[in-house]
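# Residue-level structure breakdown
The chain contents come next:
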Amino acid sequence: MSMSKQRFPTEDQNESRSDTTVSRRSLLAAGAAAGIAGLAGCSGALGSGQSGQDGQDQAGVAGETLTLTTTTSTYDTGLLDAIHPSFEEMYGVTVDAVAQGTGAALESARNGDADVVVVHARSLEDEFMRNGYGINRRDLMFNDFVIVGPEADPAGIEGASSATDALATIADAQAPFVSRGDNSGTHTKELVLWEEAGTQPGGDWYQETGTGMGEALNIANQQGAYTLSDRGTFISQRAEIDLTILVQGPIEGGPEILANPYGVMAVNPGVHDNANYDLAMAYIGWITSPGAQDAIADYQMNGEQLFFPEAVSEKPDFQQYVPEGWQPDSASE
């Protein structure tokens, strides 16, 4: 499957762990904090092959642990396992990646149980930033959502050019539909689609599972049901299930409303002074560097690319740094 690295527009879209489970550092002095912020800006060079010892010397974080709360899609697809060893070796650190739905990942960070987050629901990210919990957000990568279901397609939605029309058709037919129902990025997108379709889902045909994407796909497969999935997780599980893509997202020419952008943010050390801000900024600088972005692009499952980098661009979107609609004078309101 050939997919160009085009950029899709963004849309308004576990328990707490004891501090003893992760190494926390006190904040550096102001000058050192400024230095690490500078490191994030120049870590493209580090990502391109600077030695691990050099990275550790510059960052001063060797031996520490970074707690990352992230979505099930980035974790279950194996992407993080594939790319994190490079960061860990470079800085001499450990990344503790905790897979949750986007809502739960942000809630963990809101409670001070994370240093950095990688999620995919811009409306929830914007709320997190507006409330002061997240800072230094960057666009990271994207894939898209797809509507999948049994090959027999009892509702007849295959090839629909409108995702909302497809969901309305499923509802009218009362065909089985599995929802994650977990306030994840995928669930948030699903709710947007139902609203745009003018449909309130419910009844025996609609099942909320409260599970991650992989388990939701398994349940849909067992029940011969439709579901909304991110393309990456579906590709990673396609060989084990009998579901098929019936409505494509924009990567394959489908509607733009199914675009699925991911962002990365540091937890604000002004709110949580146990946040490992220096290591979080080193991570953000590394994962948005050309080297790590190339590693994201090169990661495949069953011969298909799962994620498309968008942190490196000749024409960066500066709206990525602030909540949508934010204006300079809004900070004083």
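Here the structure is shown first, and the text comes after it.
Here goes a summary of the coordinates provided. None of these values were measured; they are calculated from a predicted model. (Residues numbered from 1 in each chain as written. Predicted model: local features only at pLDDT ≥ 70, side-chain atom pairs only at ≥ 80, totals over all residues. Heavy atoms only, no water.)

Let us look at unusual backbone geometry. In this model, D153 sits at a positive phi of 50 degrees, which is unusual for a non-glycine residue. Relative to the assigned elements, D153 resides in the loop between β4 (134–150) and α7 (163–173). With a relative accessible area of 10%, D153 lands in the buried category. One non-glycine residue, Q174, lies in positive phi territory at about 50 degrees. Position of Q174 relative to the elements: it lies in the loop between α7 and β5 (177–179). Looking at Q174, the relative accessible area reads 55%, which means it is exposed. (Helix = DSSP H or I, 4+ residues; strand = E, 2+ residues; numbered from the N terminus. Buried < 20%, exposed > 50% of the residue type's maximum accessible area, 1.4 Å probe, protein only.)

Now for the pattern of salt bridges. Pairing between side chains becomes possible if they bear opposite charge and their charged atoms approach one another. Per the stated rule, a full pass over the model turns up 7 salt bridges. A salt bridge links R122 to D126, with the shortest nitrogen-to-oxygen separation between them at 2.8 Å. In this pair, R122 and D126 are both assigned in helix α6 (residues 122–130), 4 residues apart and thus about one turn of the helix distant. The same class applies to R122 and to D126, which are both buried. Between R137 and D139 there is a salt bridge, and its shortest N-O distance comes to 2.7 Å. Take D139: its relative accessible area is 2%, and that puts it in the buried class. Members of the salt-bridge network, linked through shared partners, are E125, R137 and D139. (Salt bridge = Lys/Arg side-chain N within 4 Å of Asp/Glu carboxyl O.)

Our next topic: the pairing of β4. Of all 17 residues in β4, 15 are buried; the element is thus mostly enclosed. Note that β4 and strand β9 (residues 259–267) share 8 bridges and pair antiparallel. By the bridge assignment for β9, R138 is matched with V264. Of the pairings in the sheet, the one linking β4 to strand β12 (residues 308–309) comprises 2 bridges and is antiparallel in character. Note on β12: the bridge partner recorded for M141 is P309. (Pairing = 2+ DSSP bridges.)

To continue, consider α7. For an α-helix, 3.6 residues make a turn, and residues three or four places apart therefore share a direction. Within α7, burial applies to A163, T164, A166, L167, A168, I170 and A171. Buried residues along α7 sit against β4, β5, α8 (185–196), β7 (226–230) and β8 (243–247). (Contact = heavy atoms within 4.5 Å.)

A few words on the environment of P250. In this fold, P250 is placed in the loop between β8 and β9. P250 gets classed as buried once you look at its relative accessible area, which sits at 6%.

Here helix α9 (residues 213–223) has its buried residues at M213, G214, A216, L217, I219 and A220. Positive phi appears at G224, one or two residues downstream of α9, with a value of about 60 degrees.

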